[in-house]
Amino acid sequence: MRKPLIAGNWKLNKNITESESLARALVTDLADITETDIIIAPIFTALNRVAAIVDGSSIQLAAQNCYPQETGAFTGELSPTMLKDAGCGAIIIGHSERRQLMGETNEFINLKVHATLNSEMQVILCVGETLEERENEEMLEILTAQIKGGLVNVPAEKMQNLVVAYEPVWAIGTGKTASNEQAQEAHSFIRGLIQGLYSPETAEACRILYGGSVKPDNVDGLMAQADIDGALVGGASLKVEDFCRIVKFEKAGH
Ligand code: 13P
């Protein structure tokens, strides 16, 4: 059985003080959650302060990006080890906003995946098609290229530290969620790709999160799908009540 994981990607929101108060509220409200893993990803400058707040709680800290070099002449960048030093246990890699706005390629993303895994941190590898790609029936091809490209030379034993997030670009920040069936179809396809690259056991164990307008009112239906193991939440992760309700999603059959 895969343990559910709900992650909040705060993107470019909340200054240090605001990040601290959001983290404090979450630590209090989610103190008794043990059946679901919880991650929050604040802005870089708030990481170290938020780390002190979530230390010893049910919440883990992630960074939103990294650079695939340990040290050196890379002005403005941060390595996985430095992010670990700031208190992070995970890094979000290949978010569609970085692919689209910063021109990140599958090759570059693969370097970050390796650097993060080599630092013994967890990777949240984001994939997802644009509306145009979906309408042109290129979705499966795009997902294949993103998964295969992101996982080049990643050995099976490191896959236990890697989570995939399927985030259809057309559903991010638009209020348009993929239907439960659309999301399940993509997740099942991604699991099949991982099985093809590794083994049925590795594919079975790999958590695949859905992201794109996840809200309190659609999380339960999404989480009831066989291959949806959690959520990567943007906008709703900035609101204490909404994020807590998403973390406390209702399990199917209850
Ligand atoms: P929204 O939940 O705001 O659509 O963002 C999703 C996302 O991009 C999470 O990484």
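Placed above this text is the structure.
Rules behind the numbers
Residues numbered from 1 in each chain as written. Predicted model: local features only at pLDDT ≥ 70, side-chain atom pairs only at ≥ 80, totals over all residues. Heavy atoms only, no water. Helix = DSSP H or I, 4+ residues; strand = E, 2+ residues; numbered from the N terminus. Buried < 20%, exposed > 50% of the residue type's maximum accessible area, 1.4 Å probe, protein only. Pairing = 2+ DSSP bridges. Right-handed = clockwise from strand over helix to strand, strands pointing away. Near = heavy atom within 4 Å. Polar contact = N/O pair within 3.5 Å; in protein donor to acceptor, adjacent residues only side chain to side chain. Areas by Shrake-Rupley, 256 points an atom, 1.4 Å probe, with all protein chains shown as cover. Lys, Arg positive; Asp, Glu negative; His and termini not counted. Salt bridge = Lys/Arg side-chain N within 4 Å of Asp/Glu carboxyl O. Contact = heavy atoms within 4.5 Å. Axes fitted to C-alpha atoms, helices over the stretch in contact; angles between N-to-C directions. Phe/Tyr/Trp six-rings, centres within 6.5 Å; stacked < 30°, edge-to-face > 60°. Lys NZ or Arg CZ within 6 Å of the ring centre and 35° of its normal. Parallel < 35°, antiparallel > 145°, perpendicular 65-115°, else oblique. Left-handed = near helix turned anticlockwise from the far one by under 90°.

## A few points about the environment of Val-50
Inference 1: Mapped onto the fold, Val-50 is located in helix α2 (residues 47-54).
Inference 2: Look at Val-50 and you get buried, because its relative accessible area is 0%.
Inference 3: Considering only alpha carbons, one finds Val-50 and Thr-75, 25 residues apart in sequence, at a separation of 24 Å.

## As for the pairing of strand β3 (residues 59-63)
Inference 1: Counting buried residues in β3 gives four out of five residues, a clear majority hidden from the surface.
Inference 2: Pairing analysis gives three bridges linking strand β2 (residues 37-41) to β3, with the strands arranged parallel. Note on β3: the bridge partner recorded for Ile-39 is Gln-60.
Inference 3: Crossover handedness for the path β2 to α2 to β3: right-handed.
Inference 4: Bridge count for β3 against strand β4 (residues 90-93) is two bridges, and the pairing is parallel. Directly across from Ala-63, in β4, lies its bridge partner Ile-91.

## Some thoughts on the site of the ligand
Inference 1: Near the ligand the following residues occur: Asn-9, Lys-11, His-95, Glu-167, Ala-171, Ile-172, Gly-173, Gly-212, Ser-213, Leu-232, Gly-234 and Gly-235.
Inference 2: Between the ligand and Asn-9 there is a distance of 3.0 Å, counted from an oxygen atom to a side-chain nitrogen or oxygen.
Inference 3: Ser-213 has a polar backbone atom sitting 2.7 Å from an oxygen atom of the ligand.
Inference 4: When the ligand sits alone it has 300 Å² of accessible area, and the protein chains cover 96% of it.

## Remarks on unusual backbone geometry
Inference 1: Its identity is not glycine, yet Glu-120 carries a phi of approximately 55 degrees, on the positive side.
Inference 2: Topologically, Glu-120 is positioned in the loop between α5 (106-118) and β5 (122-127).
Inference 3: Phi at Glu-137 is positive, roughly 55 degrees, even though this residue is not glycine.
Inference 4: Following the sequence through the fold, Glu-137 ends up in the loop between α6 (131-135) and α7 (139-150).
Inference 5: Its relative accessible area of 73% is what places Glu-137 among the exposed residues.

## What about the side chain of Arg-99?
Inference 1: Inspection of the secondary structure assignment puts Arg-99 in helix α4 (residues 96-101).
Inference 2: The buried charged residue Arg-99 lacks any salt bridge partner; its closest oppositely charged side chain belongs to Glu-104, at an N-O distance of 6.9 Å.
Inference 3: In contact with Arg-99, other than residues within four places in its own chain, are Gly-94, Glu-104, Asn-106, Ile-109, Cys-126, Val-127 and Gln-146.

## Observations concerning the sheet that holds strand β7 (residues 208-211)
Inference 1: Ordered by their spatial adjacency, eight strands build a closed barrel running β1-β2-β3-β4-β5-β6-β7-β8, and the pairing between neighbours is parallel. Ignoring which end each strand starts from, the neighbouring axes of this sheet average 25 degrees apart.
Inference 2: In the packing of α7 onto the sheet, the strands contacted are β5 and β6 (162-166), and the crossing angle to β5 comes to about 155 degrees.

## Quick look at the packing of aromatic side chains
Inference 1: Evaluation of the coordinates by the stated rule reveals three aromatic pairs.
Inference 2: Here the aromatic rings of Tyr-166 and Tyr-210 are separated by 6.3 Å at their centres, their planes lie at 55 degrees, and the arrangement is tilted. Pair noted here: Tyr-166 is in strand β6 and Tyr-210 is in strand β7, with a separation of 44 residues, a long-range link.
Inference 3: Taking the relative accessible area as the measure of exposure, Tyr-166 reaches 0% and is therefore buried.
Inference 4: An aromatic cluster is built from Tyr-67, Phe-74 and Phe-108, whose rings are joined through pairwise contacts.
Inference 5: For the cation-ring pair, Lys-251 lies above Phe-249, with the distance from its terminal atom to the ring centre recorded as 4.8 Å.

## A word on the packing of α7 against helix α8 (residues 180-197)
Inference 1: At a minimum axis distance of 10 Å, the contact between α7 and α8 shows a crossing angle of 45 degrees. As judged from the angle between their axes, α7 and α8 are oblique. Judged by the twist between their axes, the crossing of α7 over α8 is right-handed. Side by side, α7 and α8 meet where Met-139, Leu-140, Leu-143, Thr-144, Ile-147 and Lys-148 of the first sit next to Ala-186, Phe-189, Ile-190, Leu-193 and Leu-197 of the second.

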